[in-house]
Amino acid sequence: MKSLKNLNFEKIQNVGIRVDFNVPIDKNFKITDKTRLDRAKDTINFIKNKQCNILLLSHFGRPKENFDDKYSFSKLIDQFQEILELKLNFISYANFLENGLDQFNYNRPTATLLENIRFFKGEIKNDLSFSKSITDNLDLYVNEAFSASHRLHSSVNQMAKNILSTPGFNFEKEINVINDIKKSQKKKLAIIGGSKISTKINTLLSLTTSCSDIFIGGAMANNFLKFNKFNVSSSLIEEGAERMIEMIYSSAKQTGCEIHLPVDVMLDSDQSVLVNELDKNTEFKILDIADSSHIVLENLVKKSDIILWNGPMGMIEDHKFSKGSINLSHLLAKAQADVVIGGGDTILAINMAKEKFEDFYFVSTAGGAFLEALEDKELPGIEALKADL
């Protein structure tokens, strides 16, 4: 895999950068978290300072391979320019379909944003013809969207194979941190939240082979509690999860990894209850971990050298049930261990806690891609960057 810093830019004028501007917004299209934009700045500015023309590519949301106004970058480009401190030209969906990249300025250094890449039919099909309609106009392709690199999409995989390509600076950091985690022999703790076991089963199985301890929180813990014969009433569970849980426990037993569950929880009635006393309650939903569970986490953190956290401990979109995740953010920010944050809603929890990213060893901007990279499988985005041209 080539390094951006080591490239000779003498014959490189037009550069495509696959960024991840799939940012969270409010109902007024106001960006509520600019982390992914901030992380792309170093790569964009490095290439800008090489006096290159820059073409930015990104997806936003999950449109159905056609123009959809609510997923258009036209509503966000002004905010992008302000955050990136960069003047951006814009190529609309209709303009690209009619003229391709004719509007991309080849004569002097400019920065151009193409409309949402997922509007175009060739993107999610990883189509060679579509990819070449982009890369035939470029001298270099840079992937700075590690968070999308588990997708076998054209802008993630095929475009990087077509021409000289390299990871961006943040992409490279993500790979290095994940490799360090996998190789390290230090005592590891994984704190895994979220709702579905099925989306994290392979990651959990992989973690049982490398971690001394795993703490399961969030709605995912409801399934484990039910499996262990605790009453979860009408709490969110995933049907058919029993076989997956059996596999996780079996793997953990073989490797000596200890699985930890919440010992007390917060109910939708705002009541804190020990899990072994849940039978005394009728009709309830578990929506967060409570204080005794936090003490379990404190003890686990104290004896760990490396800590990976992915997924909130409760329903953080409701402030009443964000305390478990906020308290965990505070705990990990002060920990002596190397703490790696696995992107997604975990970043939201850190921001809600008003903790600084600098207080952690590394904060990933990726959710699913980060977890899949921990599973010892090659991501399409990484595989493409290893191709020799």
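For the structure, check the block above.
Residues numbered from 1 in each chain as written. Predicted model: local features only at pLDDT ≥ 70, side-chain atom pairs only at ≥ 80, totals over all residues. Heavy atoms only, no water.

A. Focus on the packing of aromatic side chains. This structure, assessed with the given rule, holds 16 aromatic pairs. Look at Phe96 and Phe130: their rings are 6.4 Å apart centre to centre, the planes differ by 75°, and that puts the pair in the edge-to-face class. With Phe96 in helix α3 (residues 93-99) and Phe130 in helix α4 (residues 128-135), this pair connects stretches of sequence that are 34 residues apart. The class of Phe130 is buried, set by a relative accessible area of 10%. With centroids separated by 5.8 Å and ring planes inclined at 25°, the aromatic side chains of Phe227 and Tyr249 adopt a geometry described as stacked. Of this pair, Phe227 sits in helix α8 (residues 220-227) while Tyr249 sits in helix α9 (residues 242-255), and the two are 22 residues apart along the sequence. Relative accessible area serves as the criterion here: at 27%, Phe227 is assigned to the partly exposed category. Clustering of aromatic rings is evident, with ring pairs tying together Phe67, Tyr93, Phe96, Phe119, Phe120 and Phe130. Residue placement shows Lys5 over the ring face of Phe169; its charged tip is 5.6 Å from the ring centre. (Phe/Tyr/Trp six-rings, centres within 6.5 Å; stacked < 30°, edge-to-face > 60°. Helix = DSSP H or I, 4+ residues; strand = E, 2+ residues; numbered from the N terminus. Buried < 20%, exposed > 50% of the residue type's maximum accessible area, 1.4 Å probe, protein only. Lys NZ or Arg CZ within 6 Å of the ring centre and 35° of its normal.)

B. Geometry of empty space enclosed by the protein. Considering all chains together, one arrives at 2 cavities of 30 Å³ or more under this definition. Its volume calculated, the largest cavity comes out at about 60 Å³. As for the largest cavity, its lining consists of Asp20, Arg36, Arg39, Ala40, Glu144, Ala145, Ser147, Asn170 and Thr365. Among the residues making up the lining of the largest cavity, the classes are represented as 2 nonpolar, 3 polar and 4 charged. Lining the second largest cavity are Ile181, Lys188, Leu189, Ala190, Leu207, Ser210, Cys211, Ile306, Ile307 and Leu308. Those elements that place two or more of their residues in the lining of the second largest cavity are β7 (188-192), α7 (201-210) and β13 (306-310). (1 Å grid on protein atoms, 1.4 Å probe; cavity = no way out; pocket = protein on both sides within 12 Å on 5 of 7 lines; lining within 4 Å. Points joined across faces, edges and corners; volume = space filled by probe spheres on them. Nonpolar A, V, L, I, M, F, W, Y, C, P; charged D, E, K, R; others polar.)

C. Highlighting the nonpolar core. Ranked by size, the top nonpolar core spans 67 residues in total, and within it Leu114, Ile134, Phe146, Ile197, Ile214 and Ile216 carry the most contacts. A total of 5 residues in this core trace back to one element, the largest contributor, which is helix α6 (residues 169-183). Here Ile214 is in contact with Leu189, Ala190, Ile192, Leu204, Leu207, Thr208, Cys257, Glu258, Ile259 and His260, once residues within four sequence places are set aside. If you look at the next biggest cluster of nonpolar residues, it comprises 33 residues, including Leu7, Ile17, Val23 and Leu86. (Core = buried A, V, L, I, M, F, W, Y, C linked by side-chain atoms within 4.5 Å. Contact = heavy atoms within 4.5 Å.)

D. Representation of the pairing of strand β10 (residues 264-267) in the model. Side chains Asp264 and Met266 of β10 all project onto a buried face; the interleaved residues Val265 and Leu267 project onto the opposite face, where all are buried too. Of the strand pairs in this sheet, β10 and strand β11 (residues 272-274) are connected by 3 bridges, and their pairing is antiparallel. Its bridge partner lying in β11, Val265 is registered against Val273. Bridge count between β10 and strand β12 (residues 286-289): 3 bridges; the pairing is antiparallel. From the neighbouring strand, Met266 faces β12, where its bridge partner is Asp288. (Pairing = 2+ DSSP bridges.)

E. Region of interest: the pattern of salt bridges. Inspection of the entire model under this criterion finds 11 salt bridges. The closest approach of N and O atoms between Lys303 and Asp213, which form a salt bridge, is 3.8 Å. Note that Lys303 is positioned in the loop between α10 (291-302) and β13 and Asp213 in strand β8 (residues 213-216), a separation of 90 residues in sequence. Among the residues examined, Asp213 registers a relative accessible area of 1% and is labelled buried. (Salt bridge = Lys/Arg side-chain N within 4 Å of Asp/Glu carboxyl O.)

F. Layout of the pairing of strand β1 (residues 14-18). Within β1, 5 of the 5 residues are buried, which leaves it mostly tucked inside the rest of the structure. Where β1 lies against strand β2 (residues 53-57), 5 bridges are found, and the strand directions are parallel. Following the sheet pairing, Asn14 is matched in β2 by Asn53. Since β1 and β2 lie parallel, the crossover through helix α1 (residues 35-48) that links them has a hand, and here it is right-handed. For β1 and strand β5 (residues 140-143), the ladder comprises 4 bridges, and the chain directions are parallel. What sits directly across from Gly16, in β5, is Tyr141. (Right-handed = clockwise from strand over helix to strand, strands pointing away.)

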